[in-house]
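Read off the chains here:
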Amino acid sequence: MPTVILRGAHRRMAAVLTGLTLAAGALTTTASAVDFAGAAGAVALAAPADFPVRVNQLGYLPDGPKRATLVSTATSPLAWQLRDASGAQVASGTTTVKGADQASGQSTHLVDFAGYTGTGTGFTLVVNGQGSHPFDISAALYDGLRADTMSFFYQQRSGIAIDAGLAGSAYARPAGHLGVAPNKGDTSVPCQAGVCDYRLDVRGGWYDAGDQGKYVVNGGIATWQVVNSFERARRSGGDTALGDSTLRVPERGNGMPDVLDEARWELEFLMRMQVPAGRPSAGMAFHKMHDTEWTGLPTRPELDDKQRELHRPSTAATLNLAATAAQCARVYAAYDAAFAARCLDAARRAWTAARANPNVLAPATDNAGGGAYEDADVSDEFYWAAAELLATTGETQYRDAVTSSPHHAKPADAFWWGGTATLGRITLATVPGVALPADDVARVRGLLTAAADGHLATMASSGYAVPIPATGYVWGSNSAVSNNAIMLAVAYEITGRQSYRAGALESLDYLLGRNALDHSYVTGYGERASENQHHRFWAHQNDASLPHPPNGSFAGGPNAGLDDPVAKERLNGCAPAACYVDDIGSYSTNEVAINWNSSLAWLVAFAAERHGTPATPAVQVTPAAVTVPEGGSAPVAVRLSAAPAQNVTVTVARTAGDQDLSVSSGSTLVFTPADWSTAQQVSVSAAQDADTAAGSATFSVSGTGVGAAAFTATEADDDTAPPAASCAVTYRVDNAWGNGFTATVAVKNTGPSAIAGWTLGWSFVGDQRITSAWNATVTQTGAAVTARDAGWNGTLAPGASASFGFQATYSGANATPTRFTLNGAVCS
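Residues numbered from 1 in each chain as written. Predicted model: local features only at pLDDT ≥ 70, side-chain atom pairs only at ≥ 80, totals over all residues. Heavy atoms only, no water.

**Student:** What is the right way to look at the state of the cysteines in this model?
**Tutor:** Formally, a disulfide is one covalent bond, and it connects the sulfur atom of one cysteine to the sulfur atom of another. Tallied over the entire structure, the rule returns four disulfides. Linked covalently through their sulfurs, Cys-574 and Cys-579 form a disulfide whose S-S length is 1.9 Å. As the torsion about the S-S bond is roughly 100°, the Cys-574-Cys-579 disulfide counts as right-handed. Residue classification places Cys-574 among the partly exposed positions, given a relative accessible area of 23%. (Disulfide = S-S within 2.5 Å. Buried < 20%, exposed > 50% of the residue type's maximum accessible area, 1.4 Å probe, protein only.)

In structure tokens form, the structure reads like this:
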């Protein structure tokens, strides 16, 4: 039995014992709307099965919001106490009367105990003797859930045996759908009649949901969220928690972050779904593949005997492939350049194919054996794919597609598998160095924060602080909650405003028990948690030999549409927020899905990051000394060492030395909490004069709220020969394909003195264009390339070397550069 379930059992018993020691009268049963008026002097505990004090049943972060909801018709504030595991009171206060909650039909009060700063386990909130479920207050609160939400994907993998050592003996199973009898796929899958006349190997990937189909449009958003979770964490400095050997996956220990290992399992499948070259519709992606008829429940994957088939390509699926593969090329380049290059090639081919076939739409009628995933408008997918390709390549064709899209000026809308424009907006707003004008990036960020403000307003009007309106309880409502919470977290990254972080965290409170049903929708987390989600293999409710869903499985949530027979029978007349039943047959309220778990995993990874007292950011300048040709200019890169709490203005000014040296551009720089790590360029110029002296000057780089830095500039007088540097450079092409290549460049200090900060320059002789780089900050203007050290590799002792790599495109010849400069001087 998993540890977290054992802990839950112990905590449930502790709650009962605490309640008995507090009770001064008979136990009372409380209706969903409880009236505490006139209860003064009587300390009666609710029966253990009824908890009108609704809390996050997992707990709260020490530095996060701490609020609960009380169900009560009392019209006056009520006294509350926070008690520790021993029953001792550690904090107290009075409730705030909230009144009617439209979505639940309940009368509510709010309890805010954020003033308590202690930590521990087994806390309870008590209002006039009515106790909550026990919960923890801990900075490590979400560490286990972070791992379990990702383990869900490993256990949903197709085409690989699930290891008992990683998943637990109850969840171990042979590989499914590898063509081993009785399976008929997925290594050689035919198309539906009339779609194609060949078979395709489409093994691997994740089973979509409770069924065992695999859908590109659902896999696309799920993959993007998993990879974006890592990309965001890398910007915030929290990527170590998502790194190698942090998850229970078979690839752990391979040098790649485990989150990216997991996402790669789906990325490989998505690329296998691309129509091969030489076939009709080459470059497009098949929309989906699944059994020819709905698989019975329960059915273990390796025992599925139905025929699998490919469904015709669609523009939506093709653009999902283009977007996720472009994101892959950007994020994986630092870990596996060859795989990143393969992703970029697939993304480019998919984009070209989608542009040639812009209206191949999946029909709603194609729903035999699997969901149709129909989509009549793919303009949002075009925008998303263009944004990802632009962020990865910086190329004009993708920038034009972004800026000409109607979505570029529209308000940021909610996102889901059928509406993906805001995924593109998030990428444009947060990926450092995206090739858009600064005011355009600022405008996109403003659209996102405006949407986040709307979610905060919705939460403020709710008795349960949930970021969806009363009309939002539809199929998969819980994913709408977590997706909107992601928007709040993105707004926090952009602005640093704590209200956005608090909104994202309170959304988790709702999902983990602070809701109309006093129910946690995440298996294994909470005293009352879902455990009978709709699934073909995790089907203990139907077959006692099969397991419940594993910890971290996320139920779809309340659905006022009652779109399945079980919901219609058992939930008739329910309030929207209460239209949920933990029954395996209620697929419209209680199914799992990869794009729901990916949303939860993103949000939990955000919540799990430690937030101590922020360090004062320091200005970092590279190089610390620069040589400027007389009559010309030289660049200096400026960035911060950490994220500022708010926008910071940094000024660059000469403080001493030769007045012929001056700042010609970049004298005022603005760094935001979102792009503090993006190096901004300052240009230092040297005036043309008649003397032969090589003057020098010192420049300060400073601003309010940041640690200052300085650099020196020395004029290279044009009356003397250019200085020769004590350095040697090697340039090696590691891998080349049709129109692209990766290369490694190494610079060695051959002189007797250490080099503190280096900038390497060269010019291509062909049309090579760098699209991404690692271990250095690389910029390109025309044929000229400038590579600056990454900070950690900026000091070169005598005889020491530093290397960096890049990925580039080209056509025709790919000649090696012949002349390199180090800090403005020519290398041998």
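**Student:** Teacher, can you tell me more about the pairing of strand β31 (residues 784–789) here?
**Tutor:** Look at any regular strand and the pattern is simple: side chains alternate between the two faces of the sheet. With five of six residues buried, β31 is to be regarded as a mostly interior element. Of the strand pairs in this sheet, strand β28 (residues 759–763) and β31 are connected by five bridges, and their pairing is antiparallel. By the bridge assignment for β31, Trp-762 is matched with Val-785. Note that strand β30 (residues 776–781) and β31 share six bridges and pair antiparallel. Looking at β31, one finds that Ala-776 is bridged to Asp-789. (Helix = DSSP H or I, 4+ residues; strand = E, 2+ residues; numbered from the N terminus. Pairing = 2+ DSSP bridges.)

**Student:** Hey, could you run me through the environment of Arg-501 in this one?
**Tutor:** Relative to the assigned elements, Arg-501 resides in helix α13 (residues 498–511). With a relative accessible area of 4%, Arg-501 lands in the buried category. Taking C-alpha positions, Arg-501 is 38 Å from Val-663, a pair spaced 162 residues apart along the chain.

**Student:** I would appreciate a short explanation of helix α6 (residues 315–331) in the present structure.
**Tutor:** An α-helix turns once per 3.6 residues; consequently, residues spaced three or four apart project the same way. The terminal C-alpha atoms of α6, which comprises 17 residues, lie 24 Å apart, in line with the 24 Å expected from a rise of 1.5 Å per residue. Counted residue by residue, α6 has 17 buried out of 17 residues, so it is predominantly covered. (Expected span 1.5 Å × (residues − 1).)

**Student:** It is not clear to me how the sheet that holds strand β35 (residues 825–826) should be interpreted in this structure. Could you clarify?
**Tutor:** Remark on secondary structure: sheet strands pair via backbone hydrogen bonds, oriented parallel or antiparallel. The strand order β30-β31-β28-β34-β35 describes an open sheet built from five strands, whose pairing is antiparallel. Both outer strands of the open sheet, β30 and β35, are each paired with one neighbouring strand and no more. When strand β34 (residues 821–822) meets β35, the two strands line up antiparallel, connected through two bridges. Residue Leu-822 lies in a different strand from β35, and its bridge partner there is Ala-825.

**Student:** I tried to follow the environment of Arg-232 on my own but got confused; where do I start?
**Tutor:** Examined against the element boundaries, Arg-232 turns out to sit in helix α4 (residues 216–236). For Arg-232, a relative accessible area of 4% corresponds to the buried category. Setting aside residues up to four positions removed in sequence, Arg-232 forms contacts with Glu-493, Trp-602, Ala-605, Phe-606 and Glu-609. (Contact = heavy atoms within 4.5 Å.)

**Student:** For this particular structure, what's the right way to read the nonpolar core?
**Tutor:** For soluble globular proteins, the rule of thumb is that nonpolar side chains tend to be buried together. Tyr-142, Leu-310, Tyr-332, Trp-351, Leu-428 and Leu-508 are the most contacted members of the largest nonpolar core, which totals 158 residues. The residues contacting Leu-310, other than those within four sequence positions of it, are Val-189, Pro-190, Cys-191, Gln-192, Leu-200, Val-202, Met-273, Phe-286, Lys-288 and Met-289. Residues Ala-743, Ile-755, Ala-808 and Phe-820 belong to the second largest nonpolar core, which totals 28 residues. (Core = buried A, V, L, I, M, F, W, Y, C linked by side-chain atoms within 4.5 Å.)

**Student:** What's the story with unusual backbone geometry in this structure? I'm lost.
**Tutor:** Glycine aside, residues mostly have negative phi angles, and peptide bonds mostly take the trans form. Cis peptide bonds are those with omega within 30 degrees of zero, and the linkage from Gly-185 to Asp-186 qualifies with 20°. Secondary-structure assignment places Asp-186 in the loop between α3 (164–167) and β11 (189–190). Even without glycine at this site, Ala-465 takes up a positive phi of about 50°. Within the element layout of this structure, Ala-465 appears in the loop between α11 (438–460) and α12 (477–495). By relative accessible area, Ala-465 is classed as buried at 1%. You will see that Asp-518, though not glycine, has its phi angle at about 55°, which is positive. Along the chain, Asp-518 turns up in the loop between α13 and α14 (565–570). Residue class for Asp-518 comes out buried when judged on its relative accessible area of 0%.

**Student:** Hey, could you run me through the packing of aromatic side chains in this one?
**Tutor:** By convention here, two paired aromatic rings are described through the distance between centres and the angle between planes. In the structure shown here, the tally under the stated rule is 33 aromatic pairs. Measuring from ring centre to ring centre gives 5.8 Å for Phe-741 and Phe-806, while their planes differ by 80°; the resulting arrangement is edge-to-face. One end of the pair, Phe-741, is in strand β26 (residues 740–749); the other, Phe-806, is in strand β33 (residues 801–809), and 65 residues separate them in sequence. When its relative accessible area of 0% is taken as the criterion, Phe-806 is described as buried. Taken together, the ring pairs in this structure connect Tyr-731, Phe-741, Trp-758, Trp-762, Phe-764, Phe-804, Phe-806, Tyr-810 and Phe-820 into an aromatic cluster. The aromatic ring of Trp-265 is capped on one face by Arg-157, whose charged end is 4.7 Å from the ring centroid. Note that Arg-232 overlies the ring of Trp-602, its terminal NZ or CZ placed 5.5 Å from the centroid. (Phe/Tyr/Trp six-rings, centres within 6.5 Å; stacked < 30°, edge-to-face > 60°. Lys NZ or Arg CZ within 6 Å of the ring centre and 35° of its normal.)

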